[in-house]
Amino acid sequence: MRHAFGFVLGVLLTPALAYGAAWGFVQGGQSFDGTGQEITDRTRIYGAFALLAAVGLVMGVIIVARWASPLVSLVPALALLGFSVAFLLDPGRVLDLPSKVPPSGDMDEGLRTLLGSGVYAMMGFALLMPTWAPRRWGSGRRDDEAADVDFYSAAGR
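Cut-off values and rules
Residues numbered from 1 in each chain as written. Predicted model: local features only at pLDDT ≥ 70, side-chain atom pairs only at ≥ 80, totals over all residues. Heavy atoms only, no water. UniProt positions renumbered as here; feature names shortened; annotations may be inferred. Helix = DSSP H or I, 4+ residues; strand = E, 2+ residues; numbered from the N terminus. Axes fitted to C-alpha atoms, helices over the stretch in contact; angles between N-to-C directions. Parallel < 35°, antiparallel > 145°, perpendicular 65-115°, else oblique. Left-handed = near helix turned anticlockwise from the far one by under 90°. Contact = heavy atoms within 4.5 Å. Polar contact = N/O pair within 3.5 Å; in protein donor to acceptor, adjacent residues only side chain to side chain. Core = buried A, V, L, I, M, F, W, Y, C linked by side-chain atoms within 4.5 Å. Buried < 20%, exposed > 50% of the residue type's maximum accessible area, 1.4 Å probe, protein only. Salt bridge = Lys/Arg side-chain N within 4 Å of Asp/Glu carboxyl O. Arc of directions from axis to C-beta. 1 Å grid on protein atoms, 1.4 Å probe; cavity = no way out; pocket = protein on both sides within 12 Å on 5 of 7 lines; lining within 4 Å. Points joined across faces, edges and corners; volume = space filled by probe spheres on them.

(A) How the structure looks around the UniProt feature "transmembrane region" (unreviewed entry) in the protein chain. Within this numbering scheme, the UniProt entry marks residues 44-64, 71-89 and 114-133 as carrying the feature "transmembrane region" (unreviewed entry). Annotated as residues 71-89, this span is 100% helix and 0% strand, and its ends, taken at the C-alpha atoms, are 26 Å apart. The straight-line gap between the two end C-alpha atoms of residues 114-133 is 28 Å; of that span, 65% is helix and 0% is strand.

(B) Expanded view of the packing of helix H1 (residues 2-30) against helix H3 (residues 71-89). The contact between H1 and H3 brings their axes to 7 Å, and the two run at 40 degrees. Here H1 is positioned oblique relative to H3, judged by the angle of their axes. Once H1 is placed against H3, the crossing between them reads as right-handed. The segment H1 lies against H3, with His3, Gly6, Phe7, Leu9, Gly10, Val11, Leu13, Thr14, Leu17 and Ala18 engaging Leu71, Val72, Val75, Pro76, Ala79 and Leu80.

(C) Up close: the side chain of Thr131. Its place among the elements puts Thr131 in the loop between helix H6 (119-128) and helix H7 (134-137). A polar side-chain atom of Thr131 sits 2.6 Å from the main-chain carbonyl oxygen of Leu128. Non-local contacts of Thr131, meaning those with residues more than four positions away in its chain, are made with Pro70, Ser73, Leu74 and Trp137.

(D) Representation of the nonpolar core in the model. Among the nonpolar cores identified, the biggest contains 26 residues, and Tyr120, Met123 and Leu127 are the most heavily contacted of them. Those elements that place two or more of their residues in this core are H1, helix H2 (42-64), H3, helix H5 (106-116) and H6. A per-element tally of this core places H3 first, with seven residues.

(E) The arrangement of the pattern of salt bridges in detail. Using the criterion set out here, one finds one salt bridge in the structure. Among the salt bridges present, the one from Asp41 reaches Arg44, with a minimum N-O distance of 4.0 Å. Asp41 sits in the partly exposed class, given a relative accessible area of 30%. Relative accessible area serves as the criterion here: at 31%, Arg44 is assigned to the partly exposed category.

(F) Main features of the packing of H3 against H6. The contact between H3 and H6 brings their axes to 8 Å, and the two run at 150 degrees. If you check the angle between H3 and H6, you find them roughly antiparallel. H3 and H6 meet at a crossing whose hand is left-handed. Touching Ser73, Leu74, Pro76, Ala77, Leu80, Leu81 and Ser84 of H3 are Tyr120, Ala121, Met123, Gly124, Phe125, Leu127 and Leu128, all from H6.

(G) Summary view of H5. Along H5, the positions that sit buried rather than exposed are Met107, Asp108, Gly110, Leu111, Leu114 and Leu115. Here the buried residues of H5 occupy an arc of 165 degrees about the axis, which is enough to place them on one side. Where H5 is buried, its residues touch H1, H3, helix H4 (91-96) and H6. Just beyond H5, the residue with positive phi is Gly118, at close to 90 degrees.

(H) Structural view of the layout of surface pockets. Estimates place the volume of the largest pocket at around 360 Å³. If you go around the largest pocket, you meet 15 residues; those closest to its centre are Ala18, Tyr19, Phe83, Pro98 and Leu111. When residues of the lining of the largest pocket are traced back to their parent elements, those giving at least two are H1, H3 and H5. Per-element tally for the lining of the largest pocket: the top contributor is H1, with four residues.

Take a look at the structure:
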C-alpha cells in the first residue's frame, strides 16, 4: 500500500515540479532587467523566488524523507531523465512537446529552456539518489520494532 501511494504521489509531483520550476524561472526572468541591473517588478520576482523555493523544498523533503516510498522520487526522476535523454537524441521533437500540452505561452519557454539547459536532468539525478537506499524499500515498522526489541532485551539483562 505504501508503494502504491508513493507511485500515485510521484505521478502527481512530476508535473508539479516541472511546471513549478518552469513558471518560476520565466516569471523571475521577466521581472528584472539584466542590462540595467535592476528589478522591474518586485512582486513578480518575490512570487517567482517563493515558487522556486517551494519546488526546492518539496524536492528536499522527497530526497531525505525516510517515511517516503522510493517511488515518490523514482517516478519524477525517471520522467525528468527520460525527457532529458529524449532531448539529447531528438531535440526538435521534444522541444515541440510543450506547445502540445496546456497551458501554453510563457510556460512553454520555461519548459524548453530548463530542458535544454540540463536543469531537468540535474533535478532527475537528485531525485534518483534516494531510490538506491535499501531502507526506503522496506517498511519502517520492522526497523522500529527491531530497535525496541534490542533496547528492551538489553535493559532486562
